[in-house]
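Overview (structure and organization)
The primary structure of each chain is shown beneath.
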Amino acid sequence: VQSNFSQKGYTFLNVDDCWQAPLLNEKGELVPDSLKFPDGLKVVVDKVHALGLKFGLYADRGFYTCAFRAGSRHHERTHAKQFHAWQIDYLKYDSCWSPNLRRKGALEDYARMRDAL
């Protein structure tokens, strides 16, 4: 952040896998890792936006992410609402730990999140 990325032509700061806790909360929501984001994710997003950058975040269409953190399978609407509330500008939506391995199933999974967003 101190490197003035926006002045060097960068437009996004993206956070990849492992930002979230291993499990969803009782409401089926993603929970930012409290050690990495003690004040929550929205505070970080607001700071990034204040620096003139957009914020990108990682999620996964499976039950788990590639690093065995909570995934979005069957919780697409809930997670899309969270991404909206956090003002996420870009979503990297991965494909680990999903039972839909064939193309048609994968496209259906991606469409569920697309429609929820």
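Figured I'd write up the structure that's included with this text.

Moving on to the pairing of strand β2 (residues 54-60). Within β2, six of the seven residues are buried, which leaves the element mostly enclosed by the surrounding structure. Bridging between strand β1 (residues 12-15) and β2 involves four bridges; their strand directions are parallel. Its bridge partner lying in β2, F12 is registered against K54. Where the polypeptide runs from β1 across helix α1 (residues 41-50) and back to β2, its parallel neighbour, the crossover connection is right-handed. Examined bridge by bridge, β2 and strand β3 (residues 90-94) share five bridges and lie parallel to one another. Residue pairing for β3: Y58 is matched across the bridge by K92. Once you follow β2 into helix α2 (residues 76-86) and on to β3, the crossover reads as right-handed.

As enumerated under the stated definition, the model contains nine salt bridges in all. A salt bridge links D115 to R114; the shortest N-O distance between them is 2.9 Å. This pair shows no difference in class: D115 is exposed, exactly as R114 is. Each of the salt bridges in this network shares a partner with another, and the network as a whole consists of R61, R73, E76, D109 and R112.

To continue, consider the state of the cysteines. Per the counting criterion, the structure on display carries one disulfide. The thiol of C18 is not disulfide-bonded; the next cysteine sulfur, from C66, is found 9.5 Å away.

If you look at the biggest cluster of nonpolar residues, it comprises 20 residues, and the most contacted ones within it are W19, L41, F55, L57, F83, W86 and I88. Looking at this core, the elements that each hand over two or more residues are α1, β2, α2 and β3. Sorting elements by how many residues they give to this core places β2 first, with four residues. Among residues more than four places away in sequence, those in contact with I88 are V45, F55, L57 and F83.

With that settled, consider the packing of α2 against helix α3 (residues 103-116). For the pair α2 and α3, the least separation of the axes is 8 Å and the interaxial angle reads 45°. Considering the angle they form, α2 stands oblique to α3. Here the hand of the crossing between α2 and α3 comes out right-handed. Residues E76, R77, H79, A80 and F83 of α2 pack against R112, M113 and A116 of α3.

Now for the sheet that holds β1. In space, the three strands of this open sheet follow the order β1-β2-β3, with parallel pairing throughout. If you trace the sheet from one side to the other, it starts and ends with β1 and β3, each paired once. For this sheet the average axis-to-axis angle between neighbouring strands, irrespective of direction, equals 20°.

On to α1. Residues L41, V45 and V48 constitute the buried set of α1. Mapping the buried residues of α1 onto a view down its axis gives an arc of 65°, with all of them on the same face. For α1, exposure combined with an orientation more than 90 degrees from the buried face picks out K47 and A50. Check the buried side of α1 and you find it contacts β1, β2 and α2. Just beyond α1, the residue with positive phi is G52, at close to 85°.

Reading guide: rules and limits
- Position labels on residues start from 1 in each chain and follow its written sequence.
- A pLDDT threshold of at least 70 governs which residues receive local features in this predicted model, and a stricter bar of 80 or more applies before side-chain atom pairs are shown or counted, although totals over entire chains, interfaces and linings include all residues.
- Excluded from the side-chain calculations are hydrogens and water; all other atoms, namely the structure's heavy atoms, are used.
- Throughout, exposure labels follow a simple rule: accessible area from a 1.4 Å probe, protein chains only, divided by the maximum for the residue type, with under 20% read as buried, over 50% as exposed, and the rest as partly exposed.
- The way it works is that DSSP assigns letters per residue, a run of H or I at least four long becomes a helix, a run of E at least two long becomes a strand, and they are numbered from the N terminus.
- Strand pairing is assigned whenever DSSP identifies at least 2 bridges connecting the two strands.
- Assignment of crossover handedness uses the view with strands pointing away from the viewer, where a clockwise path from the first strand over the helix to the second indicates a right-handed crossover.
- A side-chain nitrogen of Lys or Arg and a carboxyl oxygen of Asp or Glu constitute a salt bridge if their distance falls within 4 Å.
- Any cysteine sulfur atom paired with another within 2.5 Å is treated as part of a disulfide.
- By nonpolar core we mean a set of buried residues, namely Ala, Val, Leu, Ile, Met, Phe, Trp, Tyr and Cys, connected to one another through side-chain atoms within 4.5 Å.
- Should any heavy atoms of two residues lie within 4.5 Å, those residues are counted as being in contact.
- Working convention: axes come from line fits to C-alpha atoms, limited for helices to the stretch in contact. Angles between N-to-C directions cover 0 to 180 degrees.
- The cut-offs work like this: below 35 degrees is roughly parallel, past 145 is roughly antiparallel, 65 to 115 is roughly perpendicular, and the gaps in between are oblique.
- Two helices that cross are described as forming a left-handed crossing if the nearer one is turned anticlockwise from the farther one by less than a right angle, and a right-handed crossing if clockwise.
- The arc under discussion is defined with respect to the helix axis, by the directions toward the C-beta atoms.

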